[in-house]
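# An overview of the molecular structure
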Amino acid sequence: MVEHSNTRCDILLFGALGDLARRKLFPALYHLERAGLLAAGSRILALARSQTTTREVRERLFSQLRQHVKDRDFDPEIAEAFLGRVEYCVLDFSDPQGYHALREWRDEPNNELIVYMATPPSMYGVIARNLKATDCCNERTRVVVEKPIGHDLESSRVINDELGEVYRENQLFRIDHYLGKETVQNLIALRFANNLFASQWDQNHISHVEITVAESVGIEGRWGYFDQAGQIRDMIQNHLLQLLCLIAMDPPADLSADSIRDEKVKVLKALKQISPDMMDQYVVRGQYTAGTSDGKPVPGYLQEEGANRGSATETFVALKAEIDNWRWSGVPFYIRTGKRLPEKLSQIIIHFKPAPHYIFDPDQQHLANNKLIIRLQPDEGMALKILTKEQGLDKGMRLRQGPLELTFSETFEADRIPDAYERLLWEVMKGNQYLFVRRDEVEYAWRWVDRIIGNWKDRGEPPKRYAAGTWGPVASIAMITRDGRSWYEDA
Ligand code: NDP
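Just so it is clear, the model here is predicted, and its values are computed rather than measured.

## Comments concerning a nonpolar patch on the surface
A cluster of nonpolar side chains, namely Ile359, Phe360 and Met397, defines an oily patch on the protein surface of about 320 Å² accessible area. By the element assignment, methionine 397 lies in the loop between strand E15 (381-389) and strand E16 (399-407). Exposure remark for methionine 397: the relative accessible area of 53% places this residue in the exposed category.

## With respect to the side chain of serine 42
Here serine 42 shows up in the loop between helix H1 (19-34) and strand E2 (43-48). Apart from the residues within four sequence positions on either side, serine 42 is in contact with Thr7, Arg8, Cys9 and Arg85.

## A look at the sheet that holds strand E5 (residues 142-145)
Strands sit in the order E3-E2-E1-E4-E5-E6 across an open sheet of six strands; the sheet is parallel. The strands lining the two open edges of the sheet, one partner per strand, are strand E3 (86-90) and strand E6 (172-174). Sheet twist, expressed as the average angle between the axes of neighbouring strands with direction ignored, equals 20°. Where E5 meets E6, three bridges bridge the pair, whose relative direction is parallel. In the sheet register, valine 144 faces E6, and the bridge partner there is phenylalanine 173.

## Quick look at the sheet that holds strand E14 (residues 371-377)
Across the sheet, nine strands lie side by side as E16-E15-E14-E13-E7-E12-E11-E8-E17; this open sheet has mixed pairing. Two strands close off the open sheet at either side, each with one partner strand: E16 and strand E17 (464-467). Strand-to-strand twist in this sheet, taken as the mean axis angle between neighbours without regard to direction, amounts to 20°. Bridge analysis of E15 against E16 gives nine bridges, and the strand direction is antiparallel. Pairing of isoleucine 386 across the sheet is with glycine 402, part of E16. Helix H10 (residues 231-248) rests against strand E7 (206-214), strand E11 (316-321), strand E12 (333-338), strand E13 (345-352) and E14 of the sheet, and its axis sits at about 145° to E12. Across the sheet, helix H16 (residues 474-481) touches strand E8 (283-289), E11, E12 and E17, and the angle it forms with E11 is around 10°.

Rules used in this analysis
- Residues numbered from 1 in each chain as written.
- Predicted model: local features only at pLDDT ≥ 70, side-chain atom pairs only at ≥ 80, totals over all residues.
- Heavy atoms only, no water.
- Patch = residues over 30% accessible without salt bridge, like charges linked within 9 Å, V, L, I, M, F, W, Y side chains within 5 Å.
- Areas by Shrake-Rupley, 256 points an atom, 1.4 Å probe, with all protein chains shown as cover.
- Salt bridge = Lys/Arg side-chain N within 4 Å of Asp/Glu carboxyl O.
- Helix = DSSP H or I, 4+ residues; strand = E, 2+ residues; numbered from the N terminus.
- Buried < 20%, exposed > 50% of the residue type's maximum accessible area, 1.4 Å probe, protein only.
- Contact = heavy atoms within 4.5 Å.
- Pairing = 2+ DSSP bridges.
- Axes fitted to C-alpha atoms, helices over the stretch in contact; angles between N-to-C directions.

Everything listed is a geometric property; what it means functionally is a separate question.
Okay, here's the thing in structure tokens:
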């Protein structure tokens, strides 16, 4: 069923001249236009403090769209039509007086109002209060906020409280853009539409799970921002724990936002807390030193531009998460994420247990477990590693492990894989929250991560070094080898 929206939306885009808006939000809105999903009469008010005009902003956006949209998808006429919906308004977000102009812009009160806060999170409360004080929003307004929601449980509560003073939970759309990725949604389809997997998805059949989100890039000019956060706050607290939840959750009763989010919260609540005495076995923290990337020499984290040479911030984390519940008892989830790793790669590997009785060549017994590989990037897709017989008269019953492969871009050639932000903006327009993070999810995730960060602080140890272009500190390999396993790349 193809979805259409007849809902006319007014979008207030705060931070419209920033990096996120330029690289992700405007291209995503352009694609919605191109797909015919922006209803006639929908409009966008771009808000930022630069003294410029609607005309200049449209010109700038046109060339940015040309840069960020693939050539084959870029149609100048559609871009012009789309930019015809965009107006620009100079606004200092902290100045309540300026908000009266927003109310005047809203000439059609029946249009759905979407407020997108692509700003530092410290501005969320200010913007929410000013919108309310100037009567620019109501109980139907949908409000989209970006990560990070705070840097720990306490600060996330402050931000959520500020938003909560003005908006109810069902108005808040907290983005974790991983949830907008096609493959991530496919996890839900894979698990709950295929009984083949549903019946195998537990500790009886799965031995362990790996989640890797690797970046080959370093800090990319964001040293100051990143150094405040580190990899655990920037990646684990949100993206990786969300992936873990989607793999581990019980089947929801339906596809409604709260049914799905209730199940995710149960997983977060069941995560075993990592206590100080578990740290050596369960967590590895790393920081990259000089090395190579794509065959070229690159500096270490502490030599990057703008670096504080004494920083102990981690650029790599590997950890073993355990879920204390019936379904996952005894099944470790090995998670790792880092910068300046050998390649850009996000993948989940489900390792199934071997068959109860093995009857083939003893030398090949190590092959005898199926693996389901779910690739988020590059080349979104899935592969199921199964065992078959080698062909040939002389091969007897020798086994061969090969993939049943589903690469989305090849299999469904005609269908363009939408960017996460297209899906997420489209869901906001439809008022569907199932791909957005509820307050309690954010808080349970912080609670788990805060405990690890607290343990690090108490120990006061510097992160372990790894050379740029390698898969992290050797301790991360030792962590999984101790359990008699290896990371998929190393196998
Ligand atoms: P930028 O700093 O590039 O953009 C923020 C924008 O907000 C700028 O245009 C800035 O204006 C404007 N702004 C800030 N304060 C005010 C104010 N008081 N009045 C008017 N304008 C103001 O940030 P990003 O676009 O990178 O990020 C936006 C949000 O998205 C952040 O919360 C970030 O954490 C999150 N995010 C970003 C990602 C990305 O890839 N960029 C990825 C994931 C999340 P000015 O230029 O004048 O300072």
